[in-house]
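# A look at the structure
Listed below, chain by chain, are the residues.
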Amino acid sequence: MSQQPGDYATKSALVDTAWVAQHLDDPRVRLVEVDVDTSAYDSGHIPGAVGWNWQTQLSDTIRRDIPAKAELEKLLSESGISPETTVVLYGDNNNWFAAWAFWHLTMFGHRDVRIMDGGRKKWEAEGRPMTTDAPQHRATQYQAKDPDYSIRAFRDQVLSSVGVPGRAFVDVRSPREYSGELLAPENLPQEGAQRGGHIPGAVNIPWSQAVREDGTFKPAQELRELYGSKGITPDKEIIAYCRIGERSSHTWFVLKHLLGYPNVRNYDGSWTEYGSMVGVPIER
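Residues numbered from 1 in each chain as written. Predicted model: local features only at pLDDT ≥ 70, side-chain atom pairs only at ≥ 80, totals over all residues. Heavy atoms only, no water.

### Remarks on the pairing of strand β4 (residues 86-90)
Extensive coverage of β4 is indicated by the burial of five of its five residues. Of the two faces of β4, the one carrying T86, V88 and Y90 and the one carrying V87 and L89 are both buried. Here strand β2 (residues 29-34) runs beside β4; their pairing, made up of five bridges, is parallel. Considered in β4, the bridge of R30 is made with V87. Pairing between β4 and strand β5 (residues 113-116): three bridges, direction parallel. Directly across from L89, in β5, lies its bridge partner I115. In the classification by handedness, the crossover that spans β4, the intervening helix α4 (residues 96-107) and the parallel β5 is right-handed. (Buried < 20%, exposed > 50% of the residue type's maximum accessible area, 1.4 Å probe, protein only. Helix = DSSP H or I, 4+ residues; strand = E, 2+ residues; numbered from the N terminus. Pairing = 2+ DSSP bridges. Right-handed = clockwise from strand over helix to strand, strands pointing away.)

Shown next as structure tokens:
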């Protein structure tokens, strides 16, 4: 299966819209749409794509955690995905939750998972086909690997990393969230944490600075300069966070898969957890 050329560290992590259009009928490829707006898929999607709901299928709504291994296996099986399937993820908001799903599948050991560069926005802008028809894919019996937590940061790891040389936090939220003026993006209810601010020492590099106007990722050299200029360099142990973990999974994807940084974790507890813990240090 041919791959899109590029100057990124992991060239197979991204495919463009033309590649997807050429593989719409490829039985080895499964398209999956994951949107912030969970109703967007039903209004129209790429032919053959299945839709995943990030709120109910990529989250444990009781424990506020990633889904259990058995739940992810059920989702992949019902989507007609086998361990050999090339999974191509895309969505709205410049692939926020496509990156969130990519992080999940990587954690559970899926071998070939990619993101469609530009997401739903670029596909629609190019006038490519959309449908409201529900796809019919033969179910599988997917067996996932045990989760690899080397790409996930937990609360205690975060607390023990504050102020430690060689470790760095990148806060990918908006500047007003980083400063403590807001608790959430401007268009959302201001809830989810008891206090505003950021983890001490964290640098603010909003996730959106990694993408161009059309939603595609910036070239690797521009990305290296963006993060390197703020001290987010490949020699450090890096933890990315936002409010609930989806925007930071986007930055985790950039650092880990586009730039090849060896030690990057996504803190999915993010500010919703950190900003509500008792007695922990914050900066404003």
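Further notes follow.
### Some remarks on the layout of surface pockets
Space inside the largest pocket adds up to approximately 490 Å³. Around the largest pocket sit 25 residues that line it, and W96, P185, L188, R243 and E246 are the ones nearest its centre. At the level of elements, α4, α7 (175-179) and α9 (246-258) are the ones that each hand at least two residues to the lining of the largest pocket. Taken together, the residues of the lining of the largest pocket break down into 12 nonpolar, six polar and seven charged. Of the pockets and cavities examined, the second largest pocket occupies roughly 230 Å³. What lines the second largest pocket is a set of 13 residues, and nearest its centre among them are W54, S59, R64, W100 and I244. Considered class by class, the residues forming the lining of the second largest pocket number five nonpolar, three polar and five charged. (1 Å grid on protein atoms, 1.4 Å probe; cavity = no way out; pocket = protein on both sides within 12 Å on 5 of 7 lines; lining within 4 Å. Points joined across faces, edges and corners; volume = space filled by probe spheres on them. Nonpolar A, V, L, I, M, F, W, Y, C, P; charged D, E, K, R; others polar.)

### Notes on the sheet that holds strand β3 (residues 50-52)
A sheet is described by the order of its strands in space; here five strands give the open sequence β1-β5-β4-β2-β3, paired in parallel fashion. Each end of this open sheet is capped by a strand with a single partner; those strands are β1 (14-15) and β3. Relative to the sheet, α4 contacts β2, β3, β4 and β5, its axis offset from that of β5 by approximately 175°. (Contact = heavy atoms within 4.5 Å. Axes fitted to C-alpha atoms, helices over the stretch in contact; angles between N-to-C directions.)

### Some remarks on the sheet that holds strand β6 (residues 167-171)
Taken in spatial order, the four strands line up as β7-β6-β8-β9 in an open sheet, and their pairing is parallel. Unpaired on one side and paired on the other, β7 (203-204) and β9 (264-266) mark the two borders of the sheet. With three bridges connecting them, strand β8 (residues 237-241) and β9 associate as parallel partners. Paired with I239 across the bridge in β9 is R265. Strands in contact with α9 are β6, β8 and β9; relative to β9, the strand with the most contacts, it is inclined by about 165°.

### A word on the UniProt feature "domain: Rhodanese" (unreviewed entry) in the protein
Per the UniProt record, "domain: Rhodanese" (unreviewed entry) is found at residues 25-132 and 163-283. With 31% helix and 17% strand, residues 25-132 has end C-alpha atoms that lie 17 Å from one another. (UniProt positions renumbered as here; feature names shortened; annotations may be inferred.)

### Focus: helix α3 (residues 69-78)
Here α3 has its buried residues at L72, E73, L75, L76 and S77. Summarising the contacts, the buried residues of α3 are in contact with β3 and α4. The first or second residue beyond α3 is G80, which carries a positive phi of 75°.

### Observations concerning the packing of aromatic side chains
Throughout the structure, instances matching the rule amount to 10 aromatic pairs. Taking the centre distance of 6.4 Å and the plane angle of 80° together, the rings of F97 and W100 count as edge-to-face. Within this pair, F97 and its partner W100 are both found in helix α4, separated by three residues, close to a single helical turn. Classification of F97 by relative accessible area gives buried; the value is 2%. Looking at W100, the relative accessible area reads 6%, which means it is buried. Through pairs of rings, three or more aromatic residues link up here, namely W54, F97, W100 and W103. Its end group placed over the ring of W123, R128 keeps NZ or CZ at 5.6 Å from the ring centre. (Phe/Tyr/Trp six-rings, centres within 6.5 Å; stacked < 30°, edge-to-face > 60°. Lys NZ or Arg CZ within 6 Å of the ring centre and 35° of its normal.)

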